[in-house]
There are 2 protein chains.
Amino acid sequence: MEKTYVAGVDIGGQTTKIGIVDRDGAIVAQTVITSKYAADEGEIFLTSICDTIRDLAKEVGMAAVKGVGIGAPNGNYYSGCIEYAVNLPFAKNSKVPIKSFIEEKLGVPVTLTNDANAAAVGEMTYGNAKGMKNFIMITLGTGVGSGIIINGELVYGHDGFAGELGHTKVIRKNGRRCGCGQEGCLEAYCSAIGMAKTAREWLETGKYPDSPLNAVEEITSKDVYEAAVKGDQLALDVFQYTGTLLGEACANFIAFSAPEAIVVFGGLARSGEYIFGPMRTAMNANVLSVWKDKVAIVPSALKESDAAILGASALAW
Amino acid sequence: MEKTYVAGVDIGGQTTKIGIVDRDGAIVAQTVITSKYAADEGEIFLTSICDTIRDLAKEVGMAAVKGVGIGAPNGNYYSGCIEYAVNLPFAKNSKVPIKSFIEEKLGVPVTLTNDANAAAVGEMTYGNAKGMKNFIMITLGTGVGSGIIINGELVYGHDGFAGELGHTKVIRKNGRRCGCGQEGCLEAYCSAIGMAKTAREWLETGKYPDSPLNAVEEITSKDVYEAAVKGDQLALDVFQYTGTLLGEACANFIAFSAPEAIVVFGGLARSGEYIFGPMRTAMNANVLSVWKDKVAIVPSALKESDAAILGASALAW
């Protein structure tokens, strides 16, 4: 049998990663192009994506590339458009019909969704969720994203925008302002930025005069992690708080879709038990008895550098 | 073409409603039998259900009955068993294999799930959710139940117990104790019993000396509704609080599955705008802008007296 491939395209605010991937998740060719195109340059960008895919596919032959998967901010599965994506100037005030454009140019089917959804499909195709039919992927990065798999399929919902678990509310009143304009969102507390902000806020109370983080100019989640490893009480308390909020939120998600596992991806997931410990405790303390100690918390198996392309490519199979 | 029917069986703590239903949701025959069977009488009960179905089917002919749908507390779709249902003595400490038993006796396929899930399928088959592929059914009765439809299918999850939205947490700290043993569950506040409890608690503060509810011995949600209609401030405040909590919870559900509508069933739903008004306001205040004023709140179209049989029967189609 002829070996087949798909192309994975991950569109970010700054750059777009493109790769050619085989069935087993091996990236046989990849590159990075800029995403910085102005409002009237959408077509140039889309053409550039097509040219890049053709170029990368030269070695395996374009005929062996059977589809293209695209993960993009505000990528809508149903419409096939990138819709009003604030961080992408070429799509900020419009719907860019990326699916139909690339299908026409390359003559292969194109599947579009947002990056967190793509990560979930990537995990199911190549990663730790292989064989799982019901799980929730949580991506802890600059924001908190999610992709929900029910019965082996990604949940898109009525409008294509399902799975925005980062914007469920974890604090009811006087919650922290989130980038989305709401208050008290999970993302405002449990993203890398949210956790760093908690550390800064708590330092400002003056209750942790001995924390080495007092000496750090711009605290990041990485600084908090490194301080925790050294036993800093502030850092340990921040992990406890962040993990607890995340676990409480996951308990609510479990009541919704009764998943087999919560798969966690992204920078914060690398903090291991510092975040997973309190997360697991809070999750199990807040679910019905039928789910206590039954739902696994699993770190993603995808290497962060490859995950974007793999996730996007997985959509295409 | 021969006209076909299904049997609907709704098992409650006290009684079991059984009916024969046609495609359009007309109940052509129905009756009620007792559910009160002891731990060692499960088989007698199951035999009684089979006999009752055969008896009810006499007029249309048993051959025209193509399936049986059963809604039961802790009814598990996957295992086909009623599992450890605290309010059903015959199934309190065991798994009762109701699906296989009835299939063997009657020779037609049997579908089992819990009552709230059955209500959702009933609404999709005969009610206001006809034609909808993504919606969430919330049943506001003694408890708060839910059934979630995604892509035209009921969500069962990994273990068959998905859709327990009544046990998502709406109050994070020092929440009210729920029947499930947890604290702060939606059900503890937004069930008929929860709402009546809120009224009693607020009366005890002494802040509503003029409320006519002070004179009521055992306040029910119906009392609160009637007081609200007469303009009682306590009752209006209780509806405001209850509806707000419900709307906030629904905002989180929307972030999960992006439904077209929230369909509300049960006693409290009959309070109309007293509950829907604050619910709608809180829901729209807590969703991402993409969903603001986009998700409908729809009262169930099923008559309460028929809903149990219709919901159960709908599973069988």
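Residues numbered from 1 in each chain as written. Chains lettered and ligands numbered in written order. Predicted model: local features only at pLDDT ≥ 70, side-chain atom pairs only at ≥ 80, totals over all residues. Heavy atoms only, no water.

Participant: Which residues make up helix α2 (residues 98-106) of chain A, and what values do they have?
Facilitator: Residues and elements named next belong to chain A. Listing the buried residues of α2 in full gives I98, F101, I102 and L106. Buried residues of α2 fall within an arc of 105° about the axis and therefore sit on the same side. For α2, the secondary structure elements touched by its buried residues are β1 (5-11), α1 (42-56), β4 (65-71), β5 (82-83), β6 (95-96) and β7 (110-113). G107 occupies a position one or two residues after α2 and carries a positive phi of about 70°. (Buried < 20%, exposed > 50% of the residue type's maximum accessible area, 1.4 Å probe, protein only. Helix = DSSP H or I, 4+ residues; strand = E, 2+ residues; numbered from the N terminus. Arc of directions from axis to C-beta. Contact = heavy atoms within 4.5 Å.)

Participant: Tell me about the relation of the copies chain B and chain A, residues and numbers included.
Facilitator: In the superposition of chain B on chain A (RMSD 0.0 Å, axial shift 0.0 Å), the rotation amounts to 180°. Taken together, these values place the two copies in the relation of a two-fold axis. Both copies contact each other with a shared surface, as 100% of the interface residues of chain B are interface residues in chain A too. (Least-squares fit on C-alpha atoms with pLDDT ≥ 70 in both.)

Participant: Give a description of the interface of chain B and chain A that names residues and reports values.
Facilitator: In this complex, chain B contributes 42 residues to the contact, which on the side of chain A involves 42 residues. Where chain B abuts chain A, roughly 3300 Å² becomes buried across the two surfaces, and 58% of that area is made up of carbon and sulfur atoms. Considering only the side of chain B, the residues that lose the most area to chain A are H158(B), R172(B) and F256(B), jointly responsible for 24% of the buried surface there. On the surface where chain B and chain A come into contact, there are 2 salt bridges. (Buried area = accessible area lost by both parts, 1.4 Å probe. Salt bridge = Lys/Arg side-chain N within 4 Å of Asp/Glu carboxyl O.)

Participant: Before we move on, can you summarise the packing of helix α6 (residues 221-229) of chain A against helix α7 (residues 233-257) of chain A with the specific residues and values?
Facilitator: Residues and elements named next belong to chain A. Running from N to C, α6 and α7 point in directions that differ by 115°, and their axes come no closer than 7 Å. By crossing handedness, the relation of α6 to α7 is classed as left-handed. Contact with α6, carried on its side by V224, Y225, A227 and A228, involves A235, L236, V238 and F239 of α7 and no other residues of that element. The class makeup of the residues in the contact of α6 with α7 is 8 nonpolar, no polar and no charged. (Axes fitted to C-alpha atoms, helices over the stretch in contact; angles between N-to-C directions. Left-handed = near helix turned anticlockwise from the far one by under 90°. Nonpolar A, V, L, I, M, F, W, Y, C, P; charged D, E, K, R; others polar.)

Participant: Quick one: what's the story with the pattern of salt bridges, residue by residue and with numbers?
Facilitator: Residue and element names in this part refer to chain A. Under the definition given, this model contains 20 salt bridges over all chains. Residue K99 is joined to E103 by a salt bridge in which the shortest nitrogen-to-oxygen separation is 3.0 Å. Here the residue K99 and the residue E103 both occupy positions in helix α2, the gap between them amounting to 4 residues, near one helical turn. Note on K99: relative accessible area 28%, which makes it partly exposed. Given a relative accessible area of 26%, E103 falls into the partly exposed group.

Participant: Which residues make up unusual backbone geometry, and what are the values?
Facilitator: A positive phi angle, near 55°, is found at N174(A), a position not held by glycine. In this fold, N174(A) is placed in the loop between β10 (153-154) and α4 (186-190). We classify N174(A) as exposed; its relative accessible area is 75%. If you check the backbone angles, D293(B) has positive phi at about 60° while not being a glycine. Mapping D293(B) onto the fold places it in the loop between α8 (273-285) and β12 (296-299). The class of D293(B) is exposed, set by a relative accessible area of 65%.

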